[in-house]
Amino acid sequence: MILMTDLESDDAEVMARARQDPAAFSVLFDRHAPELHRYVTRRLGDSLADDIVGETFLVAFRRLGRYDTSHRDARPWLYGIAANLIHKHRRAEVRAYRALARSGVDEVAESYAERVEARVSAGAAHRSLAGALTLLSAEDREVLLMVAWTDFTYEEVGRALGIPVGTVRSRLHRARRKTRAALGGVDPSAVEEKGKARG
């Protein structure tokens, strides 16, 4: 039975309660699945997002007893599980970026609720950025996209991916440098902002 206090509790409290009452785990799903679904959809497309998100929460439920409740926010942990599952679909992600680089049509964003944003940001700059993302290693791309598409701190990204903060910083620096070079010296975050400003 889900109590009103579960809805008001932070993630660590919900996790602790779910160890005794598995139904309480649904609070975490309700709280984080929509945002995680958007992230996975942007990475792999709508067709895989439902499966990845469902499997993420299944793995999380199975590992419930191992969750460190000193971490009050479970999002980095959930995104870390999702990142491992996304990693298995690395080829699909690179194919999607290559298709975007060729056509300028973001099939991933078009297939989800971000249609307006996708139309605004589509174009030559968006295609170039997608092409640049295909040149990054999977590890560098993971850090860059997690920083760009979540509101995580470097520490949270490190926790999600199981790497030290220094590694997050070095991968992010390398990803930004390579992306900037592939875009002819343009800062990738400026490309995104420029695309948004046109709307």
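Coordinates for the structure precede this section.
First, a word on scope: everything that follows refers to the structure included in this document. (Residues numbered from 1 in each chain as written. Predicted model: local features only at pLDDT ≥ 70, side-chain atom pairs only at ≥ 80, totals over all residues. Heavy atoms only, no water.)

Describing the overall build of the protein chain
- Per the secondary structure count, the protein chain includes 13 helices and zero strands.
- Secondary structure elements of the protein chain, listed N to C terminal, follow the sequence α-α-α-α-α-α-α-α-α-α-α-α-α.
- Counting every position in the protein chain, which comprises 199 residues, the buried fraction comes to 45%.
- Of all intrachain contacts in the protein chain linking residues separated by at least 6 positions in sequence, the fraction that spans at least 24 positions is 65%. (Helix = DSSP H or I, 4+ residues; strand = E, 2+ residues; numbered from the N terminus. Buried < 20%, exposed > 50% of the residue type's maximum accessible area, 1.4 Å probe, protein only. Contact = heavy atoms within 4.5 Å.)

Points about the pattern of salt bridges
- With the rule as written, the count across this model stands at nine salt bridges.
- The salt bridge involving Arg72 is made with Glu13; its shortest N-O contact spans 3.7 Å. Placement of the pair is Arg72 in the loop between helix 4 (46-62) and helix 5 (75-87) and Glu13 in helix 2 (residues 11-20), with a sequence separation of 59 residues. (Salt bridge = Lys/Arg side-chain N within 4 Å of Asp/Glu carboxyl O.)

A word on the environment of Ser9
- Following the sequence through the fold, Ser9 ends up in the loop between helix 1 (4-8) and helix 2.
- Measuring from C-alpha to C-alpha, the distance between Ser9 and Val27 comes to 9.6 Å, with 18 residues separating the pair along the chain.
- With residues near it in sequence (within four places) discarded, Ser9 still touches Val14 and Arg31.

Quick look at the nonpolar core
- Judged by nonpolar contacts, the single largest core of 43 residues is most densely connected at Phe25, Val40 and Met146.
- The set of elements that each furnish at least two residues to this core consists of helix 2, helix 3 (25-44), helix 4, helix 5, helix 10 (138-149), helix 11 (154-161) and helix 12 (165-182).
- In this view, Met146 contacts Tyr39, Tyr79, Ala83, Phe152, Val157, Ala160 and Leu161; residues no more than four positions away in its chain are not counted. (Core = buried A, V, L, I, M, F, W, Y, C linked by side-chain atoms within 4.5 Å.)

Observations concerning the packing of aromatic side chains
- As enumerated under the stated definition, the model contains seven aromatic pairs in all.
- For the ring pair Phe25 and Phe57, a centre distance of 6.3 Å and an interplane angle of 70 degrees mean the geometry is edge-to-face. Pair noted here: Phe25 is in helix 3 and Phe57 is in helix 4, with a separation of 32 residues, a long-range link.
- Cluster of aromatic residues (ring-pair linked, three or more members): Phe25, Phe29, Phe57 and Phe61. (Phe/Tyr/Trp six-rings, centres within 6.5 Å; stacked < 30°, edge-to-face > 60°.)

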